[in-house]
Amino acid sequence: MSAFNQAVVLDLVRRSEAGLSRVELIGATGLSTQTVSNIARRLLDLGLIRESGKVHVPQGKPRTTLTIDPSSRYAVGAHLDPSMLTFVLLDLAGTVVHRRHVPVEAVASPDETVARLASAIEELISETGIPRTLVLGVGIAAPGPIEFDQGAVVGPPMLTGWERVELRESLGKATGFNVFLDKDSTAAAHAELWVREKRSDQNFAFIYLGSGIGAAVVMNGEVVRGSSNNVGEIGHFSTGEGGRLCSCGRMGCLGVSVMPVQLVREAVTEGIIAGPVEDTDLLLITGRFRDLAALADAGDERADALFRAAGARLARAVEDVANLLDVDGIVFGGPSWSPVGSRYLEVLRAALSTRLAMGMIHEVELAGSVLGEDIAAVGAASIVLDHVLAPRSGGLLLE
Ligand SMILES: [Zn+2]
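Computed from a prediction, not measured in an experiment: that's the story for all the values here.

Colleague: Any details on the pairing of strand β3 (residues 63-68)? Residues and values, ideally.
Modeller: Among the six residues that make up β3, five are buried, leaving the element largely enclosed by the rest of the structure. Pairing geometry for strand β2 (residues 49-55) and β3, over five bridges, is antiparallel. Paired with Val55 across the bridge in β3 is Arg63.

Below you can see the structure in the form of structure tokens.
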């Protein structure tokens, strides 16, 4: 029995909320009755699926429904952000069963961070009482760019001392788990794809706003990866004339135009919030960014104007992303999106309503993700589930 066929069957059962009978699986896969029966037997033996009731049909025997057993396996997702470590435990159905947030006061060395990640992962698992043996692996979402094949983060912005860190290997050694590393924006797009219906007509871009900004692309229901898994480095896209000087030497790059640290600094300069601002204290920046968003929500006109101007700069870059990709929608998310998302969306919708090249042909829907601030961690865990469960050339890795 091929591992691929087994993965196809499991994937179909996993994605069907009500479950599927063997007869339906035969119809959906084109596999023989005997093959589907053998695969179902094996998945039942592994505990991945269960028989959950019978459906009566007009003619013939009642059919037994097969559904996924959510509590049969789990995956850990971790998001490495310069100011916050986020951990989630996902069950096999992709539901978050537990989460932890660990604020990072100061930028720690890679060794310290790996030790911190490892102990937080152990605590995450032990707090749930779930046997460690049911955990399939650990996914890590990190700021890009990454060296995917080596599982290394390479000089992420705002993580000093992180010139090149082989995170996958060191965390694998520290925990004993299989570790998967991906970019935070890519992981977020994965999470978004997981909560949507698996359809080949899913075409959207995901724009991730964290301490920096990145994009990911989903085409025909698959996350596009590029030749080095670094699709979506949009931090230096132009937001128009003028603007702030970027580290790359140009003015008004997207990254420096919407990063929380820049907006907070701007607000201090304009006297909207009190200074001073220590650029390196990212936890403090995050807090002040939220304060500023709360001020805007409370009706402070200058705070509102500051965010609307930032939204307009974001719109310029989003327009380029939309025009390049011809997607049906652009989804936004991440920790720096959530506090200001509704305000940004208004500006984005107004700015882009008449400007997109394909606007006469089809709509491009702009929306915030429903997954909230933990989206990158959820995505990292869903990458583990996908890697182990999804049908691909490598087949099902579960034994
Ligand atoms: Zn730049």
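Colleague: Give me the lowdown on the pattern of salt bridges, citing residues and values where you can.
Modeller: Summed over the entire model, instances satisfying the criterion amount to 23 salt bridges. A salt bridge links Glu147 to Arg164; the shortest N-O distance between them is 2.5 Å. Pair noted here: Glu147 is in strand β8 (residues 146-147) and Arg164 is in strand β10 (residues 164-165), with a separation of 17 residues, a long-range link. Taking the relative accessible area as the measure of exposure, Glu147 reaches 26% and is therefore partly exposed. Residue Glu166 pairs with Arg164 through a salt bridge whose shortest N-O separation is 3.0 Å. Residue Glu166 is classed as partly exposed on the basis of its relative accessible area of 30%. Sharing partners across several salt bridges, the network here consists of Asp297, Asp304, Arg308, Arg343 and Glu346.

Colleague: Tell me about the sheet that holds β3, and name the residues and values.
Modeller: As summarised here, the arrangement of the three strands in space is β1-β3-β2, forming an open sheet in which the pairing is antiparallel. Edge strands, defined here as strands with exactly one partner in the open sheet, are β1 (20-21) and β2. Of the strand pairs in this sheet, β1 and β3 are connected by two bridges, and their pairing is antiparallel. Residue pairing in the sheet places Leu20 in a bridge with Leu66 of β3. Against the sheet, helix α3 (residues 33-46) engages β2 and β3, with an angle of about 120° to β2.

Colleague: Can you tell me about the side chain of Gln262, naming the residues and giving the values?
Modeller: Tracing the sequence through the fold places Gln262 in helix α8 (residues 260-269). Assessed through its relative accessible area of 7%, Gln262 is described here as buried. Polar side-chain contacts of Gln262 include one of 2.9 Å to the side chain of Arg244.

Colleague: Quick one: what's the story with the nonpolar core, residue by residue and with numbers?
Modeller: One finds Val9, Leu10, Leu25, Leu43, Ile49, Phe206 and Leu385 to be the most contacted residues of the largest nonpolar core, which totals 47 residues. In terms of residue count, helix α12 (residues 375-389) provides more of this core than any other element does, eleven residues in total. Every residue in contact with Leu385, bar those within four places of it in the chain, is listed here: Ala75, Leu90, Asp91, Leu92, Gly94, Leu136, Trp194 and Ala390. Grouped together as the second largest cluster of nonpolar side chains are 43 residues, Ile285, Ala317, Val318 and Phe332 included.

Colleague: Can you explain the domain arrangement of the chain? Please cite residues and give values.
Modeller: In terms of domains, the chain is made up of domain 1 (3-68), domain 2 (73-190 + 376-389) and domain 3 (199-371). The interface of domain 2 with domain 3 comprises 21 residues on the first partner and 21 residues on the second. Across the contact surface, domain 2 and domain 3 share two salt bridges. Measuring nitrogen to oxygen at the nearest pair gives 2.6 Å for the salt bridge that ties Asp182 to Arg225. Applying the counting rule to domain 2 against domain 3 returns seven residue pairs in polar contact (both at pLDDT 80 or more). Those elements giving two or more residues to the side of domain 2 that touches domain 3 turn out to be β11 (179-183) and α6 (184-195). Here the side of domain 2 that touches domain 3 takes six residues from α6, the largest share from any one element. Its residues assigned to classes, the side of domain 2 that touches domain 3 shows ten nonpolar, six polar and five charged.

Colleague: Go over the environment of Asp320 with me, naming the residues and quoting the values.
Modeller: Tracing the backbone shows Asp320 in helix α10 (residues 301-325). The exposure class of Asp320 is partly exposed, given its relative accessible area of 37%. Beyond its immediate chain neighbours, meaning those up to four positions away, Asp320 contacts Phe237 and Ser238.

Colleague: Now, about the packing of aromatic side chains: what can you tell me, with residues and values included?
Modeller: Taken as a whole, this structure holds four aromatic pairs when the rule is applied. With a centroid separation of 5.8 Å and 85° between ring planes, the pair formed by Phe289 and Phe307 is classed as edge-to-face. Placement of the pair is Phe289 in helix α9 (residues 282-297) and Phe307 in helix α10, with a sequence separation of 18 residues. Phe307 sits in the buried class, given a relative accessible area of 0%. Pairing Phe307 with Tyr344 gives two aromatic rings, centres 6.5 Å apart and planes at 70°, and the pair type is edge-to-face. Remark: Tyr344 occurs in helix α11 (residues 341-352) and Phe307 occurs in helix α10; sequence separation between them is 37 residues. Members of the aromatic cluster, connected to one another through ring pairs, are Phe289, Phe307, Phe332, Trp337 and Tyr344.

Colleague: An account of the packing of helix α2 (residues 22-29) against α3 is needed here, citing residue identities and associated values.
Modeller: Two elements in contact, α2 and α3, have axes whose closest approach is 10 Å; the angle formed by their N-to-C orientations is 120°. Classified by the angle between their axes, α2 and α3 sit oblique to one another. Between α2 and α3 lies a crossing whose hand is right-handed. Where α2 approaches α3, its residues Arg22, Leu25, Ile26 and Thr29 are matched on the opposing element by Thr33, Val36, Ala40 and Leu44. Here the residues of the contact of α2 with α3 sort into five nonpolar, two polar and one charged.

Rules used throughout
Residues numbered from 1 in each chain as written. Predicted model: local features only at pLDDT ≥ 70, side-chain atom pairs only at ≥ 80, totals over all residues. Heavy atoms only, no water. Buried < 20%, exposed > 50% of the residue type's maximum accessible area, 1.4 Å probe, protein only. Helix = DSSP H or I, 4+ residues; strand = E, 2+ residues; numbered from the N terminus. Pairing = 2+ DSSP bridges. Salt bridge = Lys/Arg side-chain N within 4 Å of Asp/Glu carboxyl O. Contact = heavy atoms within 4.5 Å. Axes fitted to C-alpha atoms, helices over the stretch in contact; angles between N-to-C directions. Polar contact = N/O pair within 3.5 Å; in protein donor to acceptor, adjacent residues only side chain to side chain. Core = buried A, V, L, I, M, F, W, Y, C linked by side-chain atoms within 4.5 Å. Domains from an automatic or database assignment. Nonpolar A, V, L, I, M, F, W, Y, C, P; charged D, E, K, R; others polar. Phe/Tyr/Trp six-rings, centres within 6.5 Å; stacked < 30°, edge-to-face > 60°. Parallel < 35°, antiparallel > 145°, perpendicular 65-115°, else oblique. Left-handed = near helix turned anticlockwise from the far one by under 90°.

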